[in-house]
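Breakdown of the fold
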Amino acid sequence: MPEISLNVNGEKMSVDADPSTPLLWILREKLGLTGPKFSCGIAVCGACMVHVDGKTVPSCNTPVSEVLGTEITTIEGLSENGDHPVQKAWIEEQVPQCGYCQSGQIMRAAELLANKPNPNRQEIFDHMKRVLCRCATYYRIVKAIEKAAKDGES
Amino acid sequence: MSKEKKEKGTISRRGFLKAAGGVTFAVAAYALLPKIPFGEDAQASGDLVEQTVTAWVRIDTEGKVTIYNPAAEMGQGSMTALPLILAEEMDANWDDVVIEQSPIEPAIYGSVMFSNSRRMITVGSRAVSGYFDSLRTAGAQVRKMLVNSAAKEMGVPAGELSTEPGTVLHKSSGRKMTFGEIAGIMKVPETPPAVSPSELKDPKDFRLIGRVDIPRHDIPSKCDGSAKFAIDVRLPNMVYAVIARSPVHGAKPKLTNESVVGGMKGVIKTVALGHGVGVIAETIEDALAAKAAVKIDWSGGDSKGYNSQEWMWARKYASVASDPSKAGRAEENKGNADQALASASKKYSADFYNDHVVHAQMEPLNAVVSVAADGKSAEVWAGSQAPDGARTAAAAVLGFPRENVKFNQMYLGGGFGRRSTADYVEEAAELAKHVKRPLKLIWTREDDITYGMMRPASLQRMEAGLDASGKVTAWKHTIVGTGGGLMTSGADTQFYTFENQRIERRDIEHGIRTKHWRAVGHGPNKFAIETFVDEIAHGEKKDPYKFRRELMANFPRAIKVLDTAAEMSGWGKASPEGRAKGMAFAERSGSLCAGVVEISLEDYKIRVHKIWCALDAGIVVQPDNVKAQSEGSMLMALSTILHESITYKDGAVEQSNFDDYHLIRIDDTPELIDIKLIPSTEHPSGVGEAALPFMGGAVSNAVFALTGTRLRHMPFTRERVKATLEKSA
Ligand code: FES
Ligand code: FES
C-alpha cells in the first residue's frame, strides 16, 4: 500500500493506505484523531466535518487522495487549549448533550464566523443546516454562535 | 424488614472492595465506604425495602473528593447531577469533587427501580429520581463520619460541630479541620453511622442542588474532541467488523459468494449469523467494501408482508378498532364507559395516527470486545443504558462467568431507549470469538435505520360522551398497533378526571422489532388526548385552556403548571397576523408539563416560532441542565411531528439514511423557547422526557386555531398538511 503524507493539525503525518480511503477512517483509525465522528457515511449529517484549507468538508466521503498537500484541521487542532472563541461560547452556553455531533457543529460554526463575523439567524441556519444533532441542541447552538460573534466584536 | 434480609443486603468492607473491582488507593488517600442501612423510617415510607450499599466516596489528604457516577451519561447530564446530590449532603466543596464512572456492580451501584432488585439501567428519566434518596443518605453518612472523626480529634462533642463546604467547624472555639485533614487521621468505622431522613438538609439549606451556575462535568471534553465514545476505542492489533443484516426482520441468510468475499483485500473471515453475515477485516474500509460485495439469499422473515401505510391509510387499523369481536386488553376500566357513552347527550370521536420513528442516535451502535490470550476472560467497551445486562449478555455469548468480563462504560452518543438492549454487544462478542484479536463492531447508519427497533405506529381512537351540562362523563381510548405495552404509556389521564373511562389496547403482530423510544407511548398518546381535548373544547365553545382547567380541577399542581404556561404565552391575546397558538398538557415520569406553541404556515410547511413551557419536576438538581433537556425534548418531539417517518414495504424498512429519514435540522429552531421551572420541594421527578409529549397536541391545536382544520396523522409533513388543508377547503 502506498505511503501517504498528510498535513494534519500543523504536523506532517504519514500513513499506509489506499488513496481511495475516506479521510475520516485515516484520521480516526490510523492517526487516532477521533474527534471527527462517523455517523451517516454519505455526507448528509456533518458529524465528520474537518477543515481542509479552512473550509469544512465531510471527511467520510472525501478520499484521502483529494486532500494531499492541503492543511487539514480537526477539532483537536482547532485551538491550542480548547479555547477557540466558538469552543468557549459552546461551554458557556452548555451546548452539548450526548456530544457526538458537536465537533462537527463546532468546526462548521468556526468556519461560519471566520467568513462572517456577524451572521444573522438566517445565515446561521443556512450554514449550520449541514450538521445534524439528534439531541436537538439547536437552540443553544444558535445562542452560542451569536455569543461568539458578539464576543468577537469587543 | 427481617434480620436475615438485612444481613444479605449488607456488603462487608472487604467484600465491597473486591466487588468494586479491586480499586487501589493512593498512599495517604482514605477510603470512605458508606454502608447505607435504610432505616425503619425509609422502609416505613415504602420507597425501599432492601438494605444495601449504593455509593462510594474517596477523600485524599489534599481534600480531593472522588465520587462515583453510577448512571449512563448519554447527554442527559446524570454524571454531574448524581454526584452533586451526594456532595450536597456531604457538604463537599464542589471544586474539590472529581467524578468517576462507577464499576458495573449493581449490588452496590444499582438503584431500586422496577422491582425490589437493584439495577444499573438508565431509562425512563429515572436516574435522579431513583437515586435521590440513597445518594443524599450516602452523603449525609459521609458527613457524619467526618464530623465524628473531627470531634474525636478536637476532643469536643460532635454536636458542637458544624460543616461548611469541605470543612468541619467548631464555632465556639473557632477551630476547624478540612476534609483532607480529617481523611489523614480518620478511622472508618466498621459500621457506618445510621442517618435518619430527619437528619438530611432542609431543601432551603441546599448549597449545590438548584444552583444555575454549576456546569456539566462532561461538556468541556465534548467541545475539544477528547470525550471518548466506544466507537473511539482503538486497541493494538484490533480488527473491524460489520454485519450485513436481514432487510426483513427474521429472514435467514445464506451467503452465496463466500469465496469471493473471503478473497477480498483485508478480509479475515466471514461469519454466518442467525440474522445476517458478519465480515471481519483488517480495516473498517475493507470491512465495509466486503459488506457491499456480499451476496445473500434471504429466506422467510417474520415481518414479510407488512405494509405499514396500508394499515393506516387504507384504514385497516380503523376497522380493527371498530370490530367488536376484536376487543383487546383493558389498560383502564373505570365505571362503565360504553354505557355512559350510549346515554351521553353529546358525543365526540376522532382517530389519530402516528408513523413509526427510529432512534437514530448520532453515534451508530458499536462495541469493542477483546478476549484475553488464554481465552478465559474478556474486556468490553461500549456505551450502554443497561451496562450490567450488557456485561452479562457478553459473558453468556463468550461462555464465561460474568465476573470474567470487565465492562468499560463509555459516553453514549445518544441513547433514547435504543441502548438499553445489548444486541450490539452480543454481536461483537460473537464475532470476537472467531478471531484471536480485539474486535470493533460498527453498525452503519443504514443498519441502524433498516434494522432499527421502532416506536410503534398506531391508531388512537378517541371517544367521549358529555352530559347535558357539558361535563365529560365518558372517555374511551382505543389503541391499535404493534408493540404491545410500548403503545400504552401515557394513555392514562392522571390529571384529568373522568367518571367512566376505558383504555383498551388491540395488538396486531407485524413481526417487526419495536422498542422504547424517548417517552415511549407518551408521544403518540398525548398527541391524541390533547388534540381531542382541544376538539371537545372548541365543540363546546369553551376556551381550551379553561376546559383543561376544569378537567384537572382536582389537581392544584397541574393547574399551577397550566396557568403558568398560559400566563407566559399571553394566552387569550391575539397572535401576530398569520400566526396562532396551541396549548397542551402532559405528564411524564412524574413531571408535569404544559406548553403553548405559536406557529405559522409557509407554503404548507409548519413553522414553530415560539414555545412557552412550564415544568414541575419537583426539586430540580441542575436547573440549567433541566432546561437543556427540555429544549432538546421539545425539538426532538418537533422532529417527529414535522419530519420523521419510517415506513415498511413487504416487511422491509423503506428508508436507509439521513437523506431519506429526515430529522429536524437547525432551521426549524424557534426564535424563542421560554421555560419556567415551577419551584417545588417535592421529590425530584424525571426531566429527560417530560417536555416531549405535549408538543404533538400543541402543534396540531395551533394549526387548527390558524386554519380550522385538524391534523390527525403525525408527522405533519408539508405534503400531508397541503393534502389535508386542500381536502377540507
Ligand atoms: S458521517 Fe460524514 S457527513 Fe455524516
Ligand atoms: S449533542 Fe447529541 S447529537 Fe448533538
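Residues numbered from 1 in each chain as written. Chains lettered and ligands numbered in written order. Predicted model: local features only at pLDDT ≥ 70, side-chain atom pairs only at ≥ 80, totals over all residues. Heavy atoms only, no water.

All right, on to the overall build of chain A then. What chain A contains, in helices and strands, is five helices and five strands. Walking chain A from its N terminus toward its C terminus, one meets helices and strands in the order β-β-α-β-β-β-α-α-α-α. Across its three principal directions, the C-alpha atoms of chain A cover 50 × 30 × 25 Å. The burial tally for chain A puts 62% of its 154 residues in the buried class. In chain A, once contacts between residues fewer than 6 apart in sequence are set aside, the share between residues at least 24 apart is 56%. A total accessible area of about 5800 Å² is found for chain A, and carbon and sulfur atoms account for 46% of it. Side chains of chain A give 16 positive and 19 negative charges; the mean places of these two sets differ by 9 Å. (Helix = DSSP H or I, 4+ residues; strand = E, 2+ residues; numbered from the N terminus. Buried < 20%, exposed > 50% of the residue type's maximum accessible area, 1.4 Å probe, protein only. Contact = heavy atoms within 4.5 Å. Areas by Shrake-Rupley, 256 points an atom, 1.4 Å probe, with all protein chains shown as cover. Lys, Arg positive; Asp, Glu negative; His and termini not counted. Charge placed at Lys NZ, Arg CZ, Asp CG, Glu CD.)

So, about the pattern of salt bridges. A pair can form between side chains of opposite charge whenever their charged atoms are brought close. All names here are of chain B. Per the stated rule, a full pass over the model turns up 64 salt bridges over all chains. For R245, the salt bridge identified is with E427, shortest N-O distance 2.4 Å. Of this pair, R245 sits in strand β10 (residues 239–245) while E427 sits in helix α14 (residues 423–432), and the two are 182 residues apart along the sequence. Note that R548 and E530 form a salt bridge whose closest N and O atoms lie 2.6 Å from each other. Of this pair, R548 sits in helix α17 (residues 544–551) while E530 is found in helix α16 (residues 522–539), placing the two residues 18 residues apart along the sequence. Just as R548 is buried, E530 falls in that class too. Put simply, E88, D91, E164, K201 and R207 are held in one network by salt bridges that share partners. (Salt bridge = Lys/Arg side-chain N within 4 Å of Asp/Glu carboxyl O.)

What follows deals with the environment of F206(B). Residues and elements named next belong to chain B. With respect to the element layout, F206 can be found in the loop between α7 (179–185) and β10. Measuring from C-alpha to C-alpha, the distance between F206 and A251 comes to 57 Å, with 45 residues separating the pair along the chain. Aside from chain neighbours lying at most four places away, what touches F206 is E88, E89, R136, K201 and I619.

As a further point, take the sheet that holds strand β31 (residues 672–677) of chain B. All names here are of chain B. Strand order in this open sheet of four strands is β26-β27-β28-β31, and the pairing throughout is mixed. Among the strands making up the open sheet, the edge pair consists of β26 (580–588) and β31. The mean angle between the axes of side-by-side strands here comes to 20 degrees, regardless of whether they run parallel or antiparallel. Pairing analysis gives eleven bridges linking strand β27 (residues 591–602) to strand β28 (residues 605–616), with the strands arranged antiparallel. In the sheet register, G595 faces β28, and the bridge partner there is C613. Contacts from helix α19 (residues 623–642) reach β28 and β31, with the element oriented near 130 degrees to β31. (Pairing = 2+ DSSP bridges. Axes fitted to C-alpha atoms, helices over the stretch in contact; angles between N-to-C directions.)

Now for the domain arrangement of chain B. All names here are of chain B. In terms of domains, chain B is made up of domain 1 (3–224), domain 2 (231–302 + 365–442) and domain 3 (308–357 + 454–728). Between domain 1 and domain 2, the residue contacts involve 15 residues of the former and 15 residues of the latter. Across the domain 1 to domain 2 interface the summed buried area is about 1100 Å²; carbon plus sulfur atoms make up 61%. Between domain 1 and domain 2 we count zero salt bridges in total. (Domains from an automatic or database assignment. Buried area = accessible area lost by both parts, 1.4 Å probe.)

With that settled, the discussion passes to the nonpolar core. Grouped together as the largest cluster of nonpolar side chains are 217 residues, with contacts concentrated most on W90(A), M90(B), W475(B), F585(B), I606(B), F694(B) and M695(B). Of all the elements, helix α6 (residues 127–154) of chain B adds the most residues to this core, at 13 residues. When neighbours within four sequence positions are excluded, M90(B) is seen to be in contact with V57(B), I59(B), V65(B), G139(B), A140(B), V142(B), R143(B), L146(B) and F179(B). Judged by nonpolar contacts, the second largest core, of 39 residues, contains W56(B), F407(B), V425(B) and L441(B). (Core = buried A, V, L, I, M, F, W, Y, C linked by side-chain atoms within 4.5 Å.)

All names here are of chain B. Scanning the model with the defined rule gives 14 aromatic pairs over all chains in all. A centroid spacing of 5.3 Å and a plane angle of 40 degrees characterise the contact between W311 and Y317, whose relative ring orientation is tilted. Of the two residues, W311 and Y317, neither departs from the other in class, the shared state being buried. Between W475 and F532, the aromatic rings sit 5.5 Å apart at their centres with planes inclined by 55 degrees, giving tilted as the arrangement. Here F532 lies in helix α16 and W475 lies in strand β24 (residues 472–481), a separation of 57 residues in the sequence. (Phe/Tyr/Trp six-rings, centres within 6.5 Å; stacked < 30°, edge-to-face > 60°.)

Right, let's get into the sheet that holds strand β23 (residues 458–466) of chain B. Residues and elements named next belong to chain B. Across the sheet, six strands lie side by side as β15-β25-β24-β23-β16-β32; this open sheet has mixed pairing. Here the strands that pair on one side only, and so sit at the sheet edges, are β15 (329–334) and β32 (713–714). Pairing between strand β16 (residues 346–354) and β23: nine bridges, direction antiparallel. What sits directly across from A350, in β23, is M462.

Let's shift gears to the pairing of β10(B). The side chains of a regular strand alternate, first on one face of the sheet and then on the other. Residue and element names in this part refer to chain B. The element β10 is extensively covered by neighbouring structure, given that seven of its seven residues are classed as buried. Relative to strand β21 (residues 439–442), β10 runs parallel, the two being bridged by three bridges. Across the sheet, residue A241 finds its bridge partner in β21, namely L441.

What follows covers the interface of chain B and chain A. Residue-level contacts link 66 residues of chain B with 48 residues of chain A. Roughly 4700 Å² of surface becomes buried between chain B and chain A when both sides are summed, with 59% attributable to carbon and sulfur atoms. At the boundary of chain B with chain A, the tally comes to eight salt bridges. Residue E644(B) pairs with R134(A) through a salt bridge whose shortest N-O separation is 2.6 Å. The interface formed by chain B and chain A holds 31 residue pairs in polar contact (both at pLDDT 80 or more) in total. Elements represented by at least two residues in the side of chain B that touches chain A include exactly α9 (284–293), β21, α15 (445–450), α19 and β31 of chain B. By residue class, the composition of the side of chain B that touches chain A is 32 nonpolar, 13 polar and 21 charged. (Polar contact = N/O pair within 3.5 Å; in protein donor to acceptor, adjacent residues only side chain to side chain. Nonpolar A, V, L, I, M, F, W, Y, C, P; charged D, E, K, R; others polar.)

A few words on helix α4 (residues 78–90) of chain B. All names here are of chain B. The first and last C-alpha atoms of α4 sit 18 Å apart over 13 residues, in line with the 18 Å expected at 1.5 Å per residue. Among the 13 residues of α4, 13 are classified as buried, and the element is accordingly described as predominantly covered. After α4 finishes, the residue D91 shows a positive phi value of roughly 65 degrees. (Expected span 1.5 Å × (residues − 1).)

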